[in-house]
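This is what each chain is made of:
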Amino acid sequence: MSLFKKFAAPSDVKMEEVKDSVGGGFAVYDTDVYKAKIKMAFLDVWGSGANYVALTLAMPDGKDYSENITITNKKGDTFYTKNDKNYPLPGFVTIDDMCLVTLGVGLAEMDKHTEEKQVMVYDKDAGREIPKVKQVLTGLLGKEVAVAIQKSIETKMDKDGEGKYTIPTADTREANSIEKVFEPESMMTTVEARAEKTEGEFHKVWLDKNQGKTRDKTHKGEATGAKPVSAKPTGGAPQASAGAGARKPLFGNKS
């Protein structure tokens, strides 16, 4: 069975079309659009059973940007249902679009661009990074992408009785997330490519709305922890929507 075909939505599930919408690692970057090279991308699984891609980008300033991007729920679905409509998970589309703009194929067609390789992964029992064998998306490595990165301020969480981080504290942290992916030469999104535009315009709209702003994602209820309250930058916008599925090459087959 294909490793990546499972990430294609079932043929009997009608998916809503993706739209470009303005939205809202270890190195925290200001909200902006950056061109970077893919340094590492491998498949892994959360304790819940949900799949994610551990992504590392080599940024223009010489630092690494890392984000674990969830591409399925714990049942293995790459979409969620709201008001009887099916929408692709934002994280799935981030990786799917990254495959499309670099290789010209979607995530469901990545089998021939993937190899089992030994990578360094943090192990909580060992308390450090140790070598483990993972499915590495080798076809992406070294490819350039343009990404819209959002900076946010979030509430730090404490563990509950089951060891899950569900209890809000009074402390906060800064974080980043990739909100949109662009083809680095044309600066087009996959939505613009499907609309047969000749050059990208949405990245300008996104920057006008978001550049330099920090999204406030802090918990609004009463904190139960006893940690000191940190300063909370304000600003923000809704999270960018996403899109999915196996498709014909949008930017030409780059594989």
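Residues numbered from 1 in each chain as written. Predicted model: local features only at pLDDT ≥ 70, side-chain atom pairs only at ≥ 80, totals over all residues. Heavy atoms only, no water.

## Focus on the packing of aromatic side chains
For the coordinates displayed, the defined rule picks out four aromatic pairs. Relative to Tyr34, the ring of Tyr29 lies with its centre 5.5 Å away and its plane at 65 degrees, an arrangement referred to as edge-to-face. Looking at Tyr34, the relative accessible area reads 16%, which means it is buried. The rings of Tyr29, Tyr34 and Tyr65 are connected pair by pair, giving a single aromatic cluster. (Phe/Tyr/Trp six-rings, centres within 6.5 Å; stacked < 30°, edge-to-face > 60°. Buried < 20%, exposed > 50% of the residue type's maximum accessible area, 1.4 Å probe, protein only.)

## A word on the pattern of salt bridges
Evaluated as defined, the whole model comprises 13 salt bridges. Residue Glu174 pairs with Lys151 through a salt bridge whose shortest N-O separation is 3.3 Å. Pair noted here: Glu174 is in strand β9 (residues 165-182) and Lys151 is in strand β8 (residues 144-159), with a separation of 23 residues, a long-range link. What you see here is one network of salt bridges that share partners, running through Asp30, Lys151 and Glu174. (Salt bridge = Lys/Arg side-chain N within 4 Å of Asp/Glu carboxyl O. Helix = DSSP H or I, 4+ residues; strand = E, 2+ residues; numbered from the N terminus.)

## Some thoughts on the pairing of β8
As defined by bridge partners, strand β1 (residues 32-45) adjoins β8 across six bridges and the pair is classed as antiparallel. Of the residues in β8, the one forming a bridge with Tyr34 is Val147. Judged from the 13 bridges that link them, β8 and β9 form a sheet pairing that is antiparallel. Note on β9: the bridge partner recorded for Ile149 is Ile178. (Pairing = 2+ DSSP bridges.)

## Points about helix α3 (residues 202-210)
Inspection of α3 places Phe202, His203, Trp206, Leu207 and Asn210 among the buried residues, and these make up the whole buried set. The buried residues of α3 occupy an angular sector of 140 degrees when projected down its axis, which confines them to one face. Next to the buried residues of α3 lie β1, β8, β9 and α2 (190-194). A positive phi of about 80 degrees marks Gly212, the residue just after α3. (Arc of directions from axis to C-beta. Contact = heavy atoms within 4.5 Å.)

## Observations regarding the confidence of the model for the protein
On average, residues of the protein score 84 in pLDDT, and 77% of them reach the 70 mark or higher. The low-confidence segment residues 21-25 (pLDDT under 50) makes 31 contacts with residues lying over four places distant or belonging to another chain. For residues 226-247, every residue scores under 50 in pLDDT, and the model assigns this stretch 71 contacts once sequence neighbours within four places are set aside. (pLDDT = per-residue confidence, 0-100.)

## Remarks on the nonpolar core
Of all hydrophobic cores here, the largest spans 37 residues; its most connected members are Leu57 and Ile178. For this core, the element with the most residues is helix α1 (residues 90-103), which contributes eight residues. Setting aside residues no more than four positions away along its own chain, Ile178 makes contact with Leu55, Leu57, Tyr65, Glu67, Ile69, Thr94, Met98, Val147, Ala148 and Ile149. In this structure, Ala148, Phe202, Trp206 and Leu207 belong to the second largest nonpolar core, which totals eight residues. (Core = buried A, V, L, I, M, F, W, Y, C linked by side-chain atoms within 4.5 Å.)

## Focus on α1
Three or four residues apart is the spacing at which side chains of an α-helix point the same way, because the helix has 3.6 residues per turn. Its 14 residues give α1 an end-to-end C-alpha distance of 20 Å, which sits within 8% of 20 Å, the value for a rise of 1.5 Å per residue. With 13 of its 14 residues buried, α1 lies for the most part within the structure. (Expected span 1.5 Å × (residues − 1).)

## Description of the pairing of strand β6 (residues 115-123)
By the bridge criterion, nine bridges tie β6 to strand β7 (residues 128-136) in an arrangement that is antiparallel. The residue bridging Val119 from the neighbouring strand is Lys132, located in β7. Hairpin connection of β6 to β7: four residues between the antiparallel strands, including Gly127 at a positive phi of 75 degrees.

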